[in-house]
Amino acid sequence: MKPFELNPNTDIAWCPGCGDFSIRKALIMALNELALDPGQVVMTSGIGQAAKMPQYVDTNFFNGLHGRGLPLAVAIKAVNPSLTVIAEGGDGDMYGEGGNHFIHNIRRNPDIAHFVHNNMIYGLTQGQGSPTSPVGQLNTVQVEGVINEPFNPLAVAVSLGATFVARAFSGDIPTLTRIMKAAITHKGYALVDIFQPCVSFNKVNTFKWYQEHTYYLDEGHDPTDRMKAMALAFETDPYPLGILYQTKDRSTYEEKAVVYQEDKTPLIHRRRDLKAVEKLLNA
Amino acid sequence: MHNSFAIVLSGEAGQGLQTLEELIIASAGREYYVYSTKEIMSRVRGGNNTVEIRLATKPVAAYQEAIDYLFLLNDHAYDRLKDRVHENTLVFSEESYFKGSEQGLKQILPLKSMAGEFGSPIYVNTLLFGYIAGILNLNPETCRQLITARFENLSPEIITNNLKAFEKGSRASEGINLPEAIKKTSHPRPYKILNGTTATGLGALAGGCNFISSYPMSPSTALLVFLSNHGRDFDVLVEQAEDEIAAINMTLGAWYAGARGMVTTSGGGFALMEEGLSLSGITETPVVIHIAQRPGPATGLPTRTEQGDLNLAVYAGHGEFPRIIFAPGYPEDALKLTQKAFYLADKYQVPVMILTDQYFLDSNYQMLSFPLEEEPLESFVTETQRDYLRYKLGDHPVSRRGIPGYGKGLVKVDSDEHTEEGLITEDFEVRQLMNDKRLDKESLILEDYQSAELIGPEDYSKLIIAWGSNYGLVREYIETTDRRDIAFLYVKQVYPLHASLRDFARQADQVLVVENNATGQLAGLLKLHLDIEVTDSILKYTGEPFSIEEFESLLKEVLK
């Protein structure tokens, strides 16, 4: 059995045909191709079908509360920067419930990878509109159609200074794997918004729909051009796939943190000097 | 009450009252028994804020209502204090601030014109410091050092002017004295002056806290500021979170990965953290939470004091899981209990809360130094083996806690009900076993119960119970009352409550509980958990603390 892989008899709680299976396959391939040690990787997530991912990858994980995968990830990386940290979840989890954390962690630029399954619908709670649902989508709550404009995660990320912004499609495992590897190895916050079909609740944005309504950025795309990336983030139908933006010029949260200015030892390996506390007490 | 003397400074936000308080108490604290407390309005400028500096013949840690010397620092500084002024109160003020209706003995103090020779009204405060230092006959060298240290970042000219202003103020106080009894009191031992916030912060450092993520909210923020100021020297990662929800989830992530983290917040912020508290409960991830109480509901009175969030702390979080709640009443205890909070959180893998309030955090106390305990720094983190199971069921409800990257095992934790390995399950039997595992920790927690302190005669027949910031108040009453049948039980661990408290209550024919809330929350818990019959509750919920005089008179009404 390959590292990160589970006993093949494991009961996986996703619907047959769900895009999550392909994303899982790509993730495990990416982790193995990077030759990472499962003991040195931590996955965090919130709640939702996508957020169950850590359950199905044999590594350390903290599967927390709905929307709160990012705060966990940022703190884990901050107190032990030697770990590889990945936060994963769905569009409702990361852009809805966890929207404030999404915004502010882009500003922090922690050295983590952030994989967001985007199927434009709520799956686990059975078919309500999500932050990325297109206007007019008919579902179980918005029975006469979604009236709010969809959230644009890529434009938000580029505008706030995210250092790695990509979009992938679950139906193309080799490319998804390549983009995931680039995100994991990127120094800083790396967002990969992953288009995926929801076979149970989204009858419009199907596998075929994504194939027909997306295109890959060509080799000539310059990912360091932020204004170009912003323009691409606003493109719809067809939606661009690939690494829209990447910069290596910004320091990470961990690099900037005061506790790592003079000493690179992970915080958790340092010991408190009680004598120093006593000195402060008696000052 | 003890023989004491209250000096009150009344001004407005932005006038430098706090600096003045710190200078006076730092210098007076070396020669007198002294305590200071402040009350402030929720505004950055203007309004009316006051500082009380209480000198006494014995150590005191309670607020005195009657003012002996009152300093008015603007033309609207008197009105709110008129009930605290008596016929012998000396009222010091610029002539123009007097309106004629003031009680007490008027004493014109022309600080503004005195500041004229230095070319700026900014020297008024140092003049006043000099004036008060003169009244108290404080060691001028100590005061000069404090002034120099306070203004060290300013130009030499400003420092020189401040020192001159101090001398001038000091000389101007000639003829104004303290009562002989207070003046002659000197205490032999070196006290450290600190407020409740600093004591709590020192406790966090002594407990190995190396991570804090919080969102600013009065009166909890000063602790975040304290740790921020010491972050570099003590390796504490300080992060101002985007909201309280992020704060507690980050802190849980930090503990999961092997740090010792805390959050500091007030009732409203803690309400936002409740789901995170529950996450700590099911994942058995330790966390330390400082709840600095202020009056609610909702925004309430942001800068005032109350003990209204005990029930919130006890019942917060959905589902059933154990927790520990401390309510320190004096600085040494705030330090020791906060230190212990990190240790017990780690030992039992539960949330531990420190319940303080604005009155405790912002008051300045004298504390004798003591050696710190090494034990609370002991880590319970285990090196994992390949077959490691985070939630291994066994005889002991506390399974060994590994962290990622330390050992050969994997650390899997989940907010869903989970198996020993940390995988999601809907097996009802496993659910019950895991729930029992978590709840069974409470009996172990009680073995580490932080015992209540009995103050007063052991053969009492009346028992006053208090928690948190009312410690100094009730203690002073017990020390000064003529009655020999009353004792004080200070409950510092308010949850879970230990059965030993029942024995204390059983001896008394009258059990009185003193609380700064409207519904008698501790009294309710004592009845619910220990079947202690509380005969009287003495409650105050105006947003102010009890004064010692008020407390004495309330007790007189109910004591049999």
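Caption draft 1: Geometry of the overall build of chain B. The secondary structure content of chain B amounts to 20 helices and 23 strands. Relative to the 2.2 N^0.38 estimate, which gives 24 Å for 560 residues, the radius of gyration of chain B is 26 Å and therefore close to what a compact globule would have. Contacts spanning at least 24 positions in sequence make up 72% of the contacts within chain B whose residues lie at least 6 apart.

Caption draft 2: Fine view of the overall build of chain A. Of the regular secondary structure elements, chain A holds 10 helices and eight strands. Relative to the compact-globule value of 19 Å for 283 residues, chain A shows a C-alpha radius of gyration of 20 Å, a close match. Buried residues in chain A amount to 52% of all 283 residues. In chain A, 69% of the contacts between residues at least 6 apart in sequence involve partners at least 24 apart.

Caption draft 3: Inspection of the nonpolar core at higher detail. Core analysis: the biggest nonpolar cluster contains 247 residues, and V79(A) and V165(A) have the highest contact counts within it. The contact partners of V165(A), leaving out residues within four places of it in the chain, are L154(A), A157(A), V158(A), L191(A), A229(A), L244(A) and Y245(A).

Caption draft 4: Spotlight on the sheet that holds strand β23 (residues 536-539) of chain B. Residues and elements named next belong to chain B. Strand order in the open sheet formed by five strands is β18-β20-β19-β22-β23, and the pairing between neighbours is mixed. Two strands bound the open sheet, and with one partner strand each, they are β18 (453-455) and β23. The mean inter-strand angle of the sheet, taken between neighbouring strand axes irrespective of direction, is 25°. Looking at chain direction, strand β19 (residues 462-466) and strand β22 (residues 510-515) are connected through five bridges and run parallel. For A466, the partnering residue across the bridge sits in β22 and is V514. Against the sheet, helix α17 (residues 471-480) engages β18, β19, β20 (486-490) and β22, with an angle of about 160° to β20.

Caption draft 5: View of the environment of F4(A). Residue and element names in this part refer to chain A. Along the chain, F4 turns up in the segment before α1 (19-33). According to the C-beta neighbour criterion, F4 is buried, with 21 such atoms within 10 Å. Setting aside residues up to four positions removed in sequence, F4 forms contacts with I28, L31, N32, P38, V57, D58 and T59.

Caption draft 6: Representation of the sheet that holds strand β12 (residues 324-326) of chain B. Residue and element names in this part refer to chain B. The mixed open sheet is built from seven strands, whose spatial order is β9-β8-β10-β11-β13-β12-β21. Each of the sheet's edge strands pairs with one partner strand only, and the pair in question is β9 (237-240) and β21 (493-495). Adjacent strand axes in the sheet meet at a mean angle of 20°, parallel and antiparallel pairs treated alike. Looking at chain direction, strand β10 (residues 261-265) and strand β11 (residues 287-293) are connected through four bridges and run parallel. Residue pairing in the sheet places V263 in a bridge with I289 of β11.

Caption draft 7: Highlighting the environment of L335(B). Residues and elements named next belong to chain B. The topology assignment puts L335 in helix α13 (residues 331-348). According to the C-beta neighbour criterion, L335 is buried, with 28 such atoms within 10 Å. The spacing of L335 and L205 is 130 residues in sequence and 9.2 Å in space, taken between C-alpha atoms.

Caption draft 8: Focus on the interface of chain A and chain B. In this assembly, 42 residues from chain A lie in contact with 44 residues from chain B. Those elements that place two or more of their residues in the side of chain A that touches chain B are β2 (60-63), α2 (69-79), α4 (99-108) and α10 (274-281) of chain A. Counting residues per element, the side of chain A that touches chain B draws most heavily on α2(A), at eight residues. Of the residues belonging to the side of chain A that touches chain B, the class tally is 24 nonpolar, 13 polar and five charged.

Caption draft 9: Region of interest: the pairing of β11(B). Residue and element names in this part refer to chain B. Among the seven residues in β11, seven count as buried, and that is most of the element. Taking every second residue as pointing to the same face, both faces of β11 are buried, with V287, I289, I291 and Q293 on one and V288, H290 and A292 on the other. Crossover handedness for the path β10 to helix α11 (residues 267-283) to β11: right-handed. Pairing of β11 with strand β13 (residues 351-357), which is carried by seven bridges, proceeds in the parallel orientation.

Caption draft 10: Spatial organisation of the packing of helix α7 (residues 196-206) of chain B against α13(B). Residue and element names in this part refer to chain B. Their axes nearest at 7 Å, the elements α7 and α13 cross at an angle of 30°. The angle between α7 and α13 places the two elements in the roughly parallel class. Considering the relative orientation of α7 and α13, their crossing is right-handed. Contacts between α7 and α13 involve G196, A199, T200, L202, G203, A204 and A206 from the former and P331, A334, L335, K336, L337, T338 and Q339 from the latter. Class assignment of the residues belonging to the contact of α7 with α13 gives a composition of eight nonpolar, five polar and one charged.

Caption draft 11: Layout of the domain arrangement of chain B. By domain assignment, chain B separates into domain 1 (4-188), domain 2 (194-377), domain 3 (381-446) and domain 4 (453-558). Taking the mean C-alpha position of each, domain 3 of chain B and domain 4 of chain B sit 40 Å from one another.

Caption draft 12: Layout of helix α19 (residues 521-530) of chain B. Along α19(B), the residues classified as buried are Q521(B), L522(B), A523(B), L525(B) and L526(B). Just downstream of α19(B), D531(B) is the residue with a positive phi angle, here 55°.

Caption draft 13: Layout of the confidence of the model for chain B. Scored by pLDDT, chain B has a mean of 96; 99% of the residues are at 70 or more. Within chain B, the lowest mean pLDDT, 85, falls on helix α6 (residues 180-183) of chain B, and the highest, 99, falls on β12(B).

Caption draft 14: Looking closely at the packing of α7(B) against helix α8 (residues 221-229) of chain B. Residue and element names in this part refer to chain B. Here α7 crosses α8 at 50°, and the two axes come no closer than 9 Å. In terms of axis orientation, α7 runs oblique to α8. In this structure, α7 crosses over α8, and the sense of that crossing is right-handed. Together, T197, T198, T200, G201 and A204 of α7 and A222, L223, F226 and L227 of α8 make up the contact between the two elements.

Cut-offs used in this document
- Residue numbers restart at each chain and count upward from 1, following the sequence in its written direction.
- Working convention: letters from A go to chains and numbers from 1 go to ligands, in the order in which they are written.
- For a predicted model such as this one, the threshold for reporting local features is a pLDDT of at least 70, and the threshold for listing and counting side-chain atom pairs is 80 or more; totals across whole chains, interfaces and linings nevertheless cover every residue.
- Starting at the N terminus, helices and strands are each numbered in turn, a helix being any DSSP run of H or I of at least four residues and a strand any DSSP run of E of at least two.
- We compute the radius of gyration from the C-alpha atoms alone; for a globule the expected value is 2.2 Å times N to the 0.38, where N is the number of residues.
- What counts as a contact here is a pair of residues whose C-beta atoms, placed from the backbone, lie within 7 Å.
- Residues with at least 20 neighbouring C-beta atoms inside 10 Å of their own are called buried, those with 12 or fewer are called exposed, and the rest are partly exposed, where every C-beta is derived from the backbone.
- In this description, a nonpolar core means buried residues of the types Ala, Val, Leu, Ile, Met, Phe, Trp, Tyr and Cys, linked to one another by C-beta atoms lying within 7 Å.
- Strand pairing is assigned whenever DSSP identifies at least 2 bridges connecting the two strands.
- Only the stretch in contact is used when a helix axis is fitted, and all axes are lines through C-alpha atoms; the angle between N-to-C directions ranges over 0 to 180 degrees.
- Asp, Glu, Lys and Arg are counted as charged, while Ala, Val, Leu, Ile, Met, Phe, Trp, Tyr, Cys and Pro are counted as nonpolar; the rest, among them Gly, fall into the polar class.
- Whether a crossover is right-handed comes down to one check: with the strands pointing away from the viewer, does the path from the first strand over the helix to the second run clockwise; if it does, it is right-handed.
- Small angles under 35 degrees read as roughly parallel and large ones over 145 as roughly antiparallel, with 65 to 115 read as roughly perpendicular and the rest as oblique.
- By the definition used in this description, the sense in which the near helix is turned from the far one sets the handedness, with an anticlockwise turn below a right angle giving left-handed and a clockwise turn giving right-handed.
- Start and end positions for the domains come from either an automated domain assignment or a database one.
- Each residue carries a pLDDT value, the predictor's own confidence for that position, ranging from 0 to 100.

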